[in-house]
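Structural overview
Listed here are the chains, written in short residue letters.
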Amino acid sequence: MIGVVYLGNNPHTEERLKYLPNRQIVLTKNYMDTAEACKPRNGQVHYIVFVEKSVQAEDITAITYLRKNVKGVYIILLTNHLSGDERKLYQHCGINDTLEVDSSLEVLSNKIQFICEREDILFDKMVSRKRILRFEIPFWKRAFDVVFSLLGIIFLSPVMLLTALAIKMESRGPVLFKSKRVGTNYRVFDFLKFRSMYSDAEKRLKELSKTENQYAQGRVHGTVVTSPLGEEAERKMKAQGLESEMLISDDEVMLVGDDFVVSETDFSKQRDEENNNAFVKIENDPRVTKVGRFIRKYSIDELPQLFNILRGDMSIVGNRPLPLYEAEKLTADSSIDRFMAPAGLTGLWQVEDRGRGGAMSAEERKQLDIEYGQTYSFALDMKIIFRTLFAFVQKENV
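From a predicted model like this one, the values you see are computed outputs, not experimental measurements. (Residues numbered from 1 in each chain as written. Predicted model: local features only at pLDDT ≥ 70, side-chain atom pairs only at ≥ 80, totals over all residues. Heavy atoms only, no water.)

Here's the deal with the packing of aromatic side chains
- Summed over all chains, the structure comprises eight aromatic pairs.
- Judged by centre distance (5.5 Å) and plane angle (35°), the ring pair of Phe144 and Phe148 falls under tilted. You can see Phe144 and its partner Phe148 sitting in helix α7 (residues 139–170), four residues apart, about one turn around the helix.
- On the accessibility criterion, Phe144 (25% relative accessible area) is partly exposed.
- Taken together, the aromatic side chains of Trp140, Phe144, Phe148 and Phe378 make up a single cluster linked through ring pairs.
- One Lys or Arg, Arg338, reaches over the ring of Phe339 and ends 4.7 Å from the middle of that ring. (Phe/Tyr/Trp six-rings, centres within 6.5 Å; stacked < 30°, edge-to-face > 60°. Helix = DSSP H or I, 4+ residues; strand = E, 2+ residues; numbered from the N terminus. Buried < 20%, exposed > 50% of the residue type's maximum accessible area, 1.4 Å probe, protein only. Lys NZ or Arg CZ within 6 Å of the ring centre and 35° of its normal.)

A few points about the nonpolar core
- One finds Ile48, Phe50, Ile76, Ile112, Ile115, Tyr372 and Ile384 to be the most contacted residues of the largest nonpolar core, which totals 48 residues.
- In terms of residue count, the dominant contributor to this core is helix α5 (residues 105–117) (five residues).
- Look past the residues within four positions of Ile48 in its chain and what remains in contact with it is Ile2, Gly3, Val4, Val5, Tyr74, Ile76, Ile112 and Ile115.
- Counting residues in each nonpolar core, the second largest holds 20 residues, with Ala35, Tyr47, Val51 and Ala62 among its members. (Core = buried A, V, L, I, M, F, W, Y, C linked by side-chain atoms within 4.5 Å. Contact = heavy atoms within 4.5 Å.)

Let's talk about the side chain of Asp301
- Within the secondary structure, Asp301 is located in the loop between α11 (290–297) and α12 (305–310).
- On the basis of relative accessibility, which here comes to 2%, the residue Asp301 falls in the buried class.
- When near neighbours in sequence (up to four residues on either side) are disregarded, Asp301 contacts Lys193, Phe194, Ile295 and Arg296.

A look at a nonpolar patch on the surface
- The grouping of Val147, Leu151, Ile154, Phe155, Leu156 and Val159 at the surface amounts to a nonpolar patch, some 560 Å² of accessible area in total.
- If you trace the backbone, Leu156 turns up in helix α7.
- By relative accessible area, Leu156 is classed as partly exposed at 31%. (Patch = residues over 30% accessible without salt bridge, like charges linked within 9 Å, V, L, I, M, F, W, Y side chains within 5 Å. Areas by Shrake-Rupley, 256 points an atom, 1.4 Å probe, with all protein chains shown as cover. Salt bridge = Lys/Arg side-chain N within 4 Å of Asp/Glu carboxyl O.)

Some words on the confidence of the model for the protein chain
- Within the protein chain, residue pLDDT values average 77, and 70% of them lie at 70 or more.
- Across residues 125–132, where pLDDT falls below 50, the model places 16 contacts with residues more than four positions away in sequence or in other chains.
- Note on residues 256–260: pLDDT is under 50 here. Beyond four places in sequence and across chains, it has 14 contacts. (pLDDT = per-residue confidence, 0-100.)

Thoughts on the side chain of Arg16
- Locating Arg16 in the fold gives a position in helix α1 (residues 11–17).
- The charged side chain of Arg16 is buried without a salt bridge, its nearest counter-charge being Asp102 at 5.1 Å.
- In contact with Arg16, other than residues within four places in its own chain, are Val101, Asp102, Ser103, Ser104, Leu105 and Leu108. (Lys, Arg positive; Asp, Glu negative; His and termini not counted.)

Description of the sheet that holds strand β14 (residues 322–323)
- The three strands are arranged β7-β6-β14 in an open sheet whose pairing can be described as antiparallel. Unpaired on one side and paired on the other, β7 (188–194) and β14 mark the two borders of the sheet.
- Across seven bridges, strand β6 (residues 176–182) lies against β7 in antiparallel orientation. Across the sheet, residue Phe177 finds its bridge partner in β7, namely Lys193. (Pairing = 2+ DSSP bridges.)

Describing empty space enclosed by the protein
- Applying the stated criterion across every chain yields a total of two cavities of 30 Å³ or more.
- Counted as a void, the second largest cavity has a volume near 40 Å³.
- Taken together, Val182, Gly183, Thr184, Asn319, Arg320, Pro321, Arg338, Phe339, Ala341, Pro342 and Ala343 make up the lining of the second largest cavity.
- Taken together, the residues of the lining of the second largest cavity sort by class into six nonpolar, three polar and two charged. (1 Å grid on protein atoms, 1.4 Å probe; cavity = no way out; pocket = protein on both sides within 12 Å on 5 of 7 lines; lining within 4 Å. Points joined across faces, edges and corners; volume = space filled by probe spheres on them. Nonpolar A, V, L, I, M, F, W, Y, C, P; charged D, E, K, R; others polar.)

Some thoughts on the sheet that holds strand β1 (residues 2–7)
- Read across the sheet, five strands follow the order β2-β1-β3-β4-β5 without closing on themselves; strand pairing throughout is parallel. With partners counted over all chains shown, the strands left at the sheet margins are β2 (25–28) and β5 (97–100), one partner each. Averaged over all pairs of adjacent strands, the angle between their axes in this sheet comes to 25°, without regard to strand direction.
- Where strand β3 (residues 46–52) and strand β4 (residues 73–79) come together, six bridges link them in parallel fashion. Bridging across to β4, Val51 finds its partner in Leu77.
- Each of β1, β3 and β4 is contacted by helix α3 (residues 56–69), which is oriented at about 165° to β4, the strand it contacts most. (Axes fitted to C-alpha atoms, helices over the stretch in contact; angles between N-to-C directions.)

Rendered as structure tokens:
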């Protein structure tokens with residue numbers, strides 16, 4: 001059983017936490033009381049500590065003290081906003097996670113349940129002072145991955161050799177395509193695939209993603225809705241961030257910079273769309289070669305990832321490793337859980353997506369990734385593998 005402790009001085013938060021189902025919350029006002037509340041008792045040695053952000057210096061002192069002097073704590077910072085520098089500072093002193101301070105009881109309860117179900121992974125079994133922030137793959141899953149990938153490499157080696165020869169004969173460039181991908185715990189690794197595109201494919205991605213990205217919310221009949229300010233003004237606005245002077249009119253709050261004026265509503269809308277459009281998916285991609293279309297249709301281009309699995313970069317079943325430009329947009333609190341799970345060759349959203357013709361939004365895909373991370377098991381993995389065997393022929397040309 002994991003105990004739950006709150007450190008803060010917000011009466012509203014204290015009142016809400018009292019209504020968490022099946023949880024008795026210990027409320028504390030200072031870190032000394034929190035440390036006392038987290039002492040092992042009645043067989044309870046692990047604690048989740050919600051620390052509500054207040055004065056930064058006081059927060060740092062409290063978190064640092066708890067991390068150094070209290071064994072077996074998982075610290076979650078309750079906050080409305082953190083800048084990049086603040087996030088690094090709080091992570092350095094010892095927080096494990098963050099949540100919105102006004103998160104619903106359902107979100108808080110789900111987070112607590114998620115931690116409780118992975119107690120052996122998230123907490124040090126020896127209850128030492130070592131801080132554990134990383135997800136660790138279970139032994140049963142790693143053993144299955146090694147056996148499955150070795151057998152796959154042996155039996156599919158003729159297919160891989162023929163594919164390599166066909167790629168080499170059709171177009172110039174390396175047989176294997178290596179790209180930096182972000183997997184479990186935000187770890188970056190070299191992701192292997194058979195090359196299915198022409199060698200200048202990455203240079204053309206930015207232009208294509210503006211007009212052909214299926215996940216772009218602003219795309220209307222092959223075009224992208226842009227701000228009336230124009231791209232140059234938008235670029236300068238982003239570079240200056242939110243430090244622009246704000247003027248309040250009768251109708252709207254305006255953000256005013258040296259050479260642009262934009263309403264706060266338009267700015268917020270554009271920022272949200274950029275964050276939501278984290279995934280890039282191009283239909284009928286002209287960058288793909290003839291051999292590439294064939295090996296993509298039958299998922300042959302994915303076979304080199306068996307070597308990624310063998311060396312521990314990925315698992316057979318898990319959340320798809322993302323390119324850097326996609327992963328950097330999924331660092332908000334609502335997205336972190338997808339990276340606290342195995343990275344995989346196939347996964348929940350892949351079989352769901354292909355089963356209904358690929359009609360899936362970026363948000364739906366992200367939520368399925370999070371769902372898998374919170375519920376994965378041997379039985380679920382076997383079910384996904386079984387469905388993958390019958391869904392590997394894609395019904396869409398992507």
